[in-house]
Amino acid sequence: MHISLDSALGRQRRLNSVGESVLQIAPNAAAAYSLRSLTGGDPKVVRVRRSSDNGESDFTVSGVSSSALTSFVNEDVELFSNNFETNTSGFTLNTGGSNVAVRNTSDGFSGSGCLQLNLTSSSNSINTVKTDTYMKDTDGVIYTVSFYAKAISGSANLVLKIGTESSSLQQISFSENGGEWVKYSLTFVNNFGAGGGNRNQRILFAASTNNTTEWRIDDFQIVQTTSNGFVETWYDQSGNSKNAAQATAGSQPKIVSAGALVTGGIDFDGTNDVLETSLIPPNAATLIGVASWDTASSTQLILGARDSTDKRSYLGRNSSNVSVLGNSNGTLTGGSISVETNFVLFGVHDVGKRLLSTNGTVVSNTDGGASNNTNQGYIIGALNNAGTANSFLNGKIAEVIVYASDQSDNRVAIETNINSQYSIF
Ligand SMILES: [Ca+2]
Ligand SMILES: [Ca+2]
């Protein structure tokens, strides 16, 4: 009785069922990627690399939505330290002035060594730490510099500058402190390079005036306290292990930006960010994507592949700002796509059939040929154009699901499920 009731209710029951996941509504996906659960469980969804030290870790759906992911990315990472017990490594004196930076072997907050600075200039003429090695991360990331210092002689304050030899963009001045070791720390946002492209920031010690002064420094440390997180792997939830991955750091899309979880999906830069898969486009395929675009008027694909004979299978937005399904050697286009708002696209190509739906409305439904792409795997965030990526998406991708079958009968149920999650239409 139970089985026959289910059968009699059929598709209508599925449409109205609360709490079903996409892969419960329509099982047997060829590949399925999201930051939410498409299975109903708590699957592993991403492997993330943090920019501070290139540490990497896997996260499940709950790990992404809880603070586990951002806590990992923002873990304090010591980028540099020196207690001056054996050397003055990391500190370089600018030449041409009379300033001195040497290791003092009979004083120190820790042990018996420290860095001795004899400063005669208030300019950026003495740079003590080559921070171009240590602070190159992108705008908005937070660093903390700390050290112990004590004044030995002279009347000039010690000035810690963050910048370059030619210009300091942020600085803090320390008063003469009575010859005692005092801990100083400065937390700053690395936003100096905005627009100028110069992120090779150094830390420079100088005197506050041109009067001669001697300071000693010990236990110097640079810690990065927030970071950026990039997606190395977007795990396939279909069970087919068609994980989407990117080994090249510069081409990995972003999931944590300056310490904060990106909202609305994974952020693709529109330049070279792609996640590669080994999934060859099926002849009969359903392509589903949730994405937003930051810029208009160029072809930018959620996923796609095309072989050297121009046979293709792809889903995205074209240069006329409408949704597009590529199949065989043609395209199907549909509803308007505006920038910076989520869209759900649902495309089908099968033998004798093509369909494109945008935000729950079928915008195109015609005869057509299936894809005959036989050798190029889909990439996410662009078109795999016979082995070379182009048509990069500048924006965010939240979800990509591929079926090797026509899922038109489940279209409304899947779109409804997606809309319940993302509130798109
Ligand atoms: Ca020391
Ligand atoms: Ca990039």
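Everything numeric here is computed off the predicted structure, so don't read it as measured data.

A. Main features of the overall build of the protein chain. When you go through the protein chain residue by residue, the secondary structure sums to five helices and 31 strands. The buried share among the 425 residues of the protein chain stands at 45%. If you take every contact in the protein chain between residues at least 6 apart in sequence, the share linking residues at least 24 apart comes to 70%.

B. How the structure looks around unusual backbone geometry. In this structure, Phe84 is a non-glycine residue whose phi angle is positive, near 60°. Here Phe84 is to be found in the loop between strand E4 (77–82) and strand E5 (100–104). The backbone of Ser423 sits at a positive phi, close to 50°, despite the residue not being glycine. Position of Ser423 relative to the elements: it lies in the segment after helix H5 (411–422).

C. Local environment of H5. In a regular helix each residue adds 1.5 Å, so 12 residues correspond to 16 Å; H5 covers 16 Å between its end C-alpha atoms and thus fits that length. Within H5, the full set of buried residues consists of Ala413, Ile414, Glu415, Asn417 and Ile418. Ser423 lies just past H5 and shows a positive phi near 50°.

D. Inspection of the environment of Ala30 at higher detail. Along the polypeptide, Ala30 turns up in the loop between helix H2 (22–25) and strand E1 (31–34). Sequence separation of Ala30 and Pro281 is 251 residues, and the distance between their C-alpha atoms is 9.7 Å.

E. Main features of the nonpolar core. With 68 residues, the main nonpolar core has Val46, Ile302, Leu303, Ile380, Leu393, Ile397 and Val402 as its most contacted residues. Beyond its immediate chain neighbours, meaning those up to four positions away, Leu303 contacts Leu287, Gly289, Tyr314, Leu315, Tyr378, Ile379, Ile380 and Val400.

F. Layout of the pairing of strand E16 (residues 254–257). Bridge count between strand E14 (residues 229–234) and E16: two bridges; the pairing is antiparallel. Counted as the bridge partner of Gly229 is Val256 from E16. Taken together, E16 and the strand that follows it, strand E17 (residues 260–261), pair antiparallel across an intervening segment of two residues, in which Ala258 is found at a positive phi of about 50°.

G. View of the environment of Thr416. Mapped onto the elements, Thr416 comes out in helix H5. Taking the C-alpha atoms as reference points, Thr416 and Val22, separated by 394 residues in sequence, lie 9.8 Å from one another.

H. Looking closely at the environment of Gly335. One can find Gly335 in strand E24 (residues 330–336). It is 8.4 Å that separates the C-alpha atoms of Gly335 and Asn359, two residues lying 24 residues apart in sequence. If we skip the residues at most four places from it in the chain, Gly335 touches Val322, Ser323, Thr358, Asn359, Thr361 and Val363.

I. Spatial organisation of the confidence of the model for the protein chain. Mean pLDDT for the protein chain: 88, with 87% of residues reaching 70 or above. Contacts from residues 1–16, a stretch scored under 50 in pLDDT, to residues over four places away or in other chains number eight contacts.

Conventions used here
- Residues numbered from 1 in each chain as written.
- Chains lettered and ligands numbered in written order.
- Predicted model: local features only at pLDDT ≥ 70, side-chain atom pairs only at ≥ 80, totals over all residues.
- Helix = DSSP H or I, 4+ residues; strand = E, 2+ residues; numbered from the N terminus.
- Buried ≥ 20, exposed ≤ 12 C-beta atoms within 10 Å, placed from the backbone.
- Contact = placed C-beta atoms within 7 Å.
- Expected span 1.5 Å × (residues − 1).
- Core = buried A, V, L, I, M, F, W, Y, C linked by C-beta atoms within 7 Å.
- Pairing = 2+ DSSP bridges.
- pLDDT = per-residue confidence, 0-100.

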